[in-house]
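Take a look at the letters that make up each chain.
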Amino acid sequence: MDLLSPYLFHFTIFIISLSLVFIWKIKSRPAYNLPHGNKSWPFIGETLEFFLAGKRGEPEKFIDDRTSKYSTDVFRMSMLGNDVAVFCSEDANRFLLSTANKYLKVWLPEASQKAIGATVHDVEKLRSVLPEFLKTDALKHYIPIMDSMAKQHLEADWLPNKEVKALPLLKKLTLALACKLFLNVTAAEDISRIEKPFAALVEGMLSIPINFPGTAYRGALKATKIIHKNILSIIEKRRRELSQHAESVAPDLLTRILLKTDEDGKAAFSEKEIPSMIVALLMASHDTITSAIVFVLKYLAENPSVYSEVLKEQMEIGSSKGPGELLNWNDVQNMKYSWCVGCESLRIAPPSQGNFREAIADFTYQGFTIPKGWKAYWSPYSTHKNPKYFKDPVKFEPSRFQRNPPPPYTYVPFGRGPHMCPGKEFARIGMLVFMHNIVTKFKWQTIIPDEKITFTATIIPAEGLPIRLQPHDN
Ligand code: HEM
């Protein structure tokens, strides 16, 4: 450590100087006044400031302060030298999300694409195979599997009358589920070979992109290589099984990807593309569901009357089952109040902080011109806690979802329009099946009152939500 200290010191100075130069460069630019737009852009600072506001748990405050200061719902920010137009309102969401194909395409920072080892094209390819895997008939088939895995995990890891940390336990469960349902991988040692590097990837993919020994970004690059290697060995094994006894191989997502052909009958995806598509899928699905469930647990602990309503609904469903009978599609469809709880939790703590687009042509929105090449950013935080759309917005009130649905484009935890999350229904059943199992087995209290909330790739309780579980038969 002593040997490293001078290097760390110089490295820190280097990073601080680099950031100051960026901020100075961007702040000293003149406001844009492009020929076909008639308004100059309010500049609200580095995107980094927005992410830091997220780290402090107040991204919506960052947006609200600027919306009221400038009386506009679109701003200019910069992200390490890229111009970013930030869209913040029902109208702005409608414009950005529904016109995505005409003026905008999905964009991810180059450094994040490198860290994940997957490009936006890999996500497009993934999208082309997902509908088959996520259609209602397929989802019906996943429910009993999710149910039995939730039961096993609760039995093994969620110890009664002890303090447990919900976040890491949920991560373990959702990764095991993803490995089972996407890859048909169930062996604990195979899953653990992905688990550790995957955590390093999530930590490093949104860090300052400096490929230097010891940085989180370097850690992510290394982790991706390890994950790709492990996925390649799973692919090799699957190819062998397909060549020996194709008829008995599970038709999971990986098998479908391997067997998909183009119009000429050739394999649709190359050996290099497939691990990238799988990593993109894990990135899109794993941490988001984990975050969604951990906040449901937090809000149920903090709102005993809501917990009682959920318990009543879930006990009714449970008592209609025979011994050992697993949940099915009808059961999940009957979890109506529980889904209002899920929706309210996704409103207050949406797992995705938003997403980027890139302008593929010049366009004008409310007098502001967004030139080709600029990036655009939308975030659920710009509407989810706005009292204009949600009365008493900080109050956890699931019954608001039993009344009129929120106005379109104000409630967007899964986005909307052509790039809306294709995993929405998968996420819904995953959340409800877990809710059923934990609520019918335990009640619980949070250990840290007002635990700080922070942001990594998703929103999480900073200490991992320690809780104490009490079985109902106590
Ligand atoms: C609670 C869990 C989840 C949340 C909150 C969530 C949220 C989102 C959001 C906000 C987007 C971006 C939409 C946009 O930019 O317009 C997205 C995209 C995506 N999600 Fe999810 N997601 C979840 C779970 C899943 C699951 C389980 C899967 C797969 C099984 C999945 C696969 C994807 C994919 C492939 C995309 C990219 C779509 C595209 O660019 O066309 N997500 N998700």
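Residues numbered from 1 in each chain as written. Predicted model: local features only at pLDDT ≥ 70, side-chain atom pairs only at ≥ 80, totals over all residues. Heavy atoms only, no water.

Details of unusual backbone geometry
One non-glycine residue, Gln366, lies in positive phi territory at about 45°. By secondary structure assignment, the location of Gln366 is in the loop between β7 (363–365) and β8 (368–370). The backbone phi angle of Asp450 is positive, close to 50°, even though this residue is not glycine. (Helix = DSSP H or I, 4+ residues; strand = E, 2+ residues; numbered from the N terminus.)

Describing the packing of helix α16 (residues 336–348) against helix α17 (residues 424–441)
Contact geometry of α16 with α17 gives a least axis separation of 10 Å together with a crossing angle of 115°. The chirality of how α16 crosses α17 is right-handed. Residues Ser338, Trp339, Gly342 and Leu346 of α16 form the contact with α17, whose own contacting residues are Arg428, Met431, Leu432 and Met435. Among the residues making up the contact of α16 with α17, the classes are represented as five nonpolar, two polar and one charged. (Axes fitted to C-alpha atoms, helices over the stretch in contact; angles between N-to-C directions. Left-handed = near helix turned anticlockwise from the far one by under 90°. Contact = heavy atoms within 4.5 Å. Nonpolar A, V, L, I, M, F, W, Y, C, P; charged D, E, K, R; others polar.)

Here we look at the confidence of the model for the protein chain
With 89% of its residues at a pLDDT of 70 or more, the protein chain has an overall mean of 87. Low pLDDT (under 50) marks residues 25–36, which in the prediction has 27 contacts with non-local residues, meaning those over four places away or in another chain. Note on the complex model: pTM 0.90, ipTM 0.99. (pLDDT = per-residue confidence, 0-100.)

Quick notes on the pattern of salt bridges
Applying the stated criterion across every chain, the model contains 23 salt bridges. One salt bridge connects Asp157 with Lys172, and the closest N-O pair in it is separated by 3.1 Å. Within this pair, whereas Asp157 is found in helix α8 (residues 136–157), its partner Lys172 is found in helix α9 (residues 166–183), the two being separated by 15 residues in sequence. Notably, a salt bridge pairs Arg400 with Glu344, separated by 3.1 Å at the nearest N-O pair. Taken together, the residues Arg400 in the loop between β9 (375–378) and α17 and Glu344 in helix α16 connect sequence positions 56 residues apart. Each of the two residues, Arg400 as well as Glu344, counts as buried. Salt bridges sharing partners connect three or more residues here, namely Lys105, Glu358 and Lys375. (Salt bridge = Lys/Arg side-chain N within 4 Å of Asp/Glu carboxyl O. Buried < 20%, exposed > 50% of the residue type's maximum accessible area, 1.4 Å probe, protein only.)

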